[in-house]
Amino acid sequence: SLAAELAALKQQTVGLQQELTQAREVALSSETRNQALEQELGAVVAPRALFFTRLREALGPDNGVLVEDDRLVFPPDVTFASASAKLTPAARTRVLEIGRAVAAAGAALPDDLNWVIRIDGHTDRSTVGHRVFDSNRELAAERAVEVVQLLAKAGVPPDRLAAASFGEFRPLDPGDTAEAYKRNRRIELVLDEG
């Protein structure tokens, strides 16, 4: 009968409306979760982007510094002699210049952000031969400490600095040339959460 068909259609309509309401609630909660995730991601990504943007501005153009994603590779003139953790006087001057730029970029970060600048020391893969250092990792650690001390002298808060050592295990250049070895004896700077 027509009345029975109308009742069945009304019931279907009510069921469809309930399904639609549930679908909207799921979509809204999903959208809310997505917004929360975006904010969370932004809280991590935005300070890094801000830091490296300010760092580029403070360093100026044609400074020789390579900024890639979340790290800064010190310029080629900031190098170490083979098996040495001491920078040349010219390299020390460059690190102090870069340190002042790092200090300025760090000052732009929000006060409530727990951040640390990790200084990564690297070596080439030639053995140190137990002359002064027992291993490349020890040598790389000393290089990182040397740079940490200079950055603190340049105005970077010492409690925001950490030294790390990768030894020969992350080469930029896998070659066996003097130039490849020189490129691998380097320092990198990474902004991390403290």
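First things first, this report covers the structure right here in the doc. This one's a predicted model, so the numbers in the text were calculated from it and none came from an experiment. (Residues numbered from 1 in each chain as written. Predicted model: local features only at pLDDT ≥ 70, side-chain atom pairs only at ≥ 80, totals over all residues. Heavy atoms only, no water.)

1. What about the overall build of the protein?
When you go through the protein residue by residue, the secondary structure sums to four helices and five strands. Across the 194 residues in the protein, those meeting the buried criterion constitute 36%. Of the contacts made within the protein by residues no fewer than 6 positions apart, 72% connect residues no fewer than 24 positions apart. On the protein, roughly 11500 Å² of surface is accessible, and the fraction owed to carbon and sulfur atoms is 55%. (Helix = DSSP H or I, 4+ residues; strand = E, 2+ residues; numbered from the N terminus. Buried < 20%, exposed > 50% of the residue type's maximum accessible area, 1.4 Å probe, protein only. Contact = heavy atoms within 4.5 Å. Areas by Shrake-Rupley, 256 points an atom, 1.4 Å probe, with all protein chains shown as cover.)

2. Section: the pattern of salt bridges
On inspection of all chains with the given rule, the structure shows 12 salt bridges. Note that Arg48 is salt-bridged to Asp192, the shortest N-O span being 4.0 Å. Of this pair, Arg48 sits in helix α1 (residues 2-59) while Asp192 sits in strand β5 (residues 187-193), and the two are 144 residues apart along the sequence. Judged by relative accessible area, which is 25%, Arg48 ranks as partly exposed. In this structure, Asp176 and Arg125 form a salt bridge, with 2.1 Å as the shortest nitrogen-oxygen distance. You can see Asp176 sitting in the loop between β4 (161-167) and α4 (178-184) and its partner Arg125 sitting in the loop between β3 (115-122) and α3 (136-153), a full 51 residues away along the chain. What you see here is one network of salt bridges that share partners, running through Arg48, Arg118, Asp120 and Asp192. (Salt bridge = Lys/Arg side-chain N within 4 Å of Asp/Glu carboxyl O.)

3. A closer look at the environment of Leu113
Residue placement: Leu113 occurs in the loop between α2 (89-107) and β3. A sequence separation of 66 residues divides Leu113 from Pro47, and the C-alpha atoms of the two residues are 8.3 Å apart. Dropping the residues within four chain positions of it, Leu113 is found in contact with Pro47 and Arg160.

4. Here's the deal with the packing of α2 against α3
At their nearest, the axes of α2 and α3 sit 8 Å apart, and the two run at 55° to each other. Taken together, the axes of α2 and α3 are oblique relative to one another. Judged by the sense of rotation from one axis to the other, the crossing of α2 with α3 is right-handed. Where α2 approaches α3, its residues Arg92, Val95, Leu96 and Gly99 are matched on the opposing element by Glu146, Val147, Leu150, Leu151 and Lys153. Per-class residue counts for the contact of α2 with α3 are five nonpolar, one polar and three charged. (Axes fitted to C-alpha atoms, helices over the stretch in contact; angles between N-to-C directions. Parallel < 35°, antiparallel > 145°, perpendicular 65-115°, else oblique. Left-handed = near helix turned anticlockwise from the far one by under 90°. Nonpolar A, V, L, I, M, F, W, Y, C, P; charged D, E, K, R; others polar.)

5. Some points on the layout of surface pockets
Roughly 250 Å³ of volume is contained in the largest pocket. Lining the largest pocket are 16 residues, and of these Val73, Phe74, Pro76, Leu172 and Arg183 lie nearest its centre. If you list the elements that add at least two residues to the lining of the largest pocket, you get β1 (66-68), β2 (71-73) and α4. Per element, the largest residue contribution to the lining of the largest pocket is three residues, and it comes from α4. Of the residues contributing to the lining of the largest pocket, the split by class is seven nonpolar, two polar and seven charged. (1 Å grid on protein atoms, 1.4 Å probe; cavity = no way out; pocket = protein on both sides within 12 Å on 5 of 7 lines; lining within 4 Å. Points joined across faces, edges and corners; volume = space filled by probe spheres on them.)

6. Focus on the sheet that holds β5
The mixed open sheet is built from five strands, whose spatial order is β1-β2-β5-β3-β4. Each edge of the sheet is formed by a strand with only one pairing partner; in this case those strands are β1 and β4. Looking at each pair of strands side by side, their axes are set apart by 25° on average, direction ignored. Looking at chain direction, β2 and β5 are connected through three bridges and run antiparallel. When the sheet's bridge partners are listed, Val73 is paired in β5 with Glu188. Against the sheet, α3 makes contact with β3, β4 and β5, and its axis sits at roughly 155° relative to β4, the strand it touches most. (Pairing = 2+ DSSP bridges.)

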